[in-house]
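Descriptive structure summary
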Amino acid sequence: MDAVREKLIGMDQRYQTITNDLMDEKVFSNPALLTKLSKEQASLTQAVEAWHKLKALDERIEQANEMMKESDVELKEIAKMELEECLPVQEELLEHIQHLLIPKDPDDDHDVIMEIRGGAGGDEGNIFAGDLYRMYTRYAESKGWKVQVMETSISEAGGFSQVIFSIKGNEVYRDLKWESGVHRVQRVPKTESQGRVHTSTATVLCQPEAEEADIEIDPADLTIETHRASGAGGQHINKTDSAVRIVHVPTGITVNCQEGRSQIENRETAMRLIRARVYEEIKRQRDEEAGAARRAKIGTGDRSEKIRTYNYPQNRVTDHRIGLTITQLDRIMEGKLDGIIAGLQAEEEKKKLEESQG
């Protein structure tokens, strides 16, 4: 029994266990556990189906090999034809299974919290941050995902000095996890009278949104303060202590939320942000300790890494991590990101396959 088949047997057994658990009344009456088990079962389905096909092929090949040992010429001919049919199918199926067994990122099925900040270039950097926000919301709309703005600092010239928003849907993090980093734009700003091309930047941070089941945060580790909201907003601004600041003392991670119309709403948003950021920090530390896990990554995922250039004069986008250039910038800024995301996914799969084969 080789390692691939042993792994498939384990997955099949786990699939059957989950099937039985899903019929249990205790699981059925626990929505969080029901969702978790259903997602796990769905992630195993393709591998389990492939295993059942492989088992049937293995049996046919074994029977054909036994027939080849017979002295009857006619039986040998039948066995030969059977092997000629089954062996190429088995080889193709095993290759498909290798890809199915590539370790999945456990965060792939998570929703995300994204933060975009205007970077170098002053007003133009903020305007570009607004363009990126629009690009991601258009992409989310095309996938049927839901976008919710959590915090904004609107720039007077347009765009945002900062915008934080969540995207909820099916496997959102799987598609957007490579977006963290510095996005560089080359274009003629609206304020440029000489028609010269300027280079500006915006930074993107994309984090998996952690559920309470993903990470347990000790309330004793949190410092929670309320204060009056500042800046433009509704009539509640500056009249009540509706803004909430939360500090996670062990990591020093701080969030401040004032966009909501009540202290309860801001506190809930702040807790979502704290959970996501602490979860990401714990994951980063775990990755560094593992060492090898980081080799399979495309880039560092750091906010400071320059990942992509958007060149308006040449209608061109280049992703520097995989050397991919697409001359359809206008379409990409409308949220048509599938080409870039497919390229990044293919590169990740290739790297993980190399890692698993050692």
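Quick caveat: nothing in here was measured; it's all calculated off a predicted structure.

Observations concerning the overall build of the protein
Tallying secondary structure elements over the protein gives 10 helices and 11 strands in all. For a compact globule of 358 residues, the expected C-alpha radius of gyration is about 21 Å, and the protein comes in at 26 Å, more than 25% above that figure. Seen through its principal axes, the protein has C-alpha atoms that stretch 95 × 60 × 35 Å. Taking all 358 residues of the protein together, the buried fraction comes to 41%.

Some thoughts on the layout of surface pockets
As a volume, the largest pocket reaches approximately 1600 Å³. What lines the largest pocket is a set of 42 residues, among which Ser43, Lys104, Asp105, Asp109 and Glu171 lie closest to the centre. For the lining of the largest pocket, the secondary structure elements donating two or more residues are helix H1 (3-22), helix H3 (31-68), helix H4 (73-100) and helix H10 (338-356). With 11 residues, the top contributor of residues to the lining of the largest pocket is H3. Grouping the constituent residues of the lining of the largest pocket by class yields 14 nonpolar, nine polar and 19 charged. Looking at which domains feed residues into the lining of the largest pocket, each of domain 1 (1-101) and domain 2 (112-212 + 300-357) supplies at least three.

So, the side chain of threonine 201
Within the fold, threonine 201 resides in strand S5 (residues 198-208). A distance of 2.8 Å separates a polar atom in the side chain of threonine 201 from the backbone nitrogen of alanine 120. If we ignore the near neighbours within four places in the chain, the residues touching threonine 201 are Gly118, Gly119, Ala120, Gly125, Phe128, Val182, His183 and Arg184.

Details of helix H5 (residues 123-143)
Taking 1.5 Å as the rise per residue, H5 with 21 residues should run 30 Å; its terminal C-alpha atoms sit 31 Å apart, in good agreement. Once H5 ends, the next one or two residues include glycine 144, with phi positive near 75°.

Re the sheet that holds strand S8 (residues 253-257)
Strands belonging to one sheet form pairs held by backbone hydrogen bonds; the direction of such a pair is parallel or antiparallel. Taken in spatial order, the three strands make up an open sheet running S6-S7-S8, and their pairing is antiparallel. Every interior strand has two partners, whereas the edge strands, strand S6 (222-227) and S8, have only one. Across this sheet, the average inter-strand angle for adjacent strands is 15°, counted without regard to direction. One ladder, built from six bridges, connects S6 with strand S7 (residues 243-248); its direction is antiparallel.

Rules used in this analysis
Residues numbered from 1 in each chain as written. Predicted model: local features only at pLDDT ≥ 70, side-chain atom pairs only at ≥ 80, totals over all residues. Heavy atoms only, no water. Helix = DSSP H or I, 4+ residues; strand = E, 2+ residues; numbered from the N terminus. Rg over C-alpha atoms; globule rule 2.2 N^0.38 Å. Buried < 20%, exposed > 50% of the residue type's maximum accessible area, 1.4 Å probe, protein only. 1 Å grid on protein atoms, 1.4 Å probe; cavity = no way out; pocket = protein on both sides within 12 Å on 5 of 7 lines; lining within 4 Å. Points joined across faces, edges and corners; volume = space filled by probe spheres on them. Nonpolar A, V, L, I, M, F, W, Y, C, P; charged D, E, K, R; others polar. Domains from an automatic or database assignment. Polar contact = N/O pair within 3.5 Å; in protein donor to acceptor, adjacent residues only side chain to side chain. Contact = heavy atoms within 4.5 Å. Expected span 1.5 Å × (residues − 1). Pairing = 2+ DSSP bridges. Axes fitted to C-alpha atoms, helices over the stretch in contact; angles between N-to-C directions.

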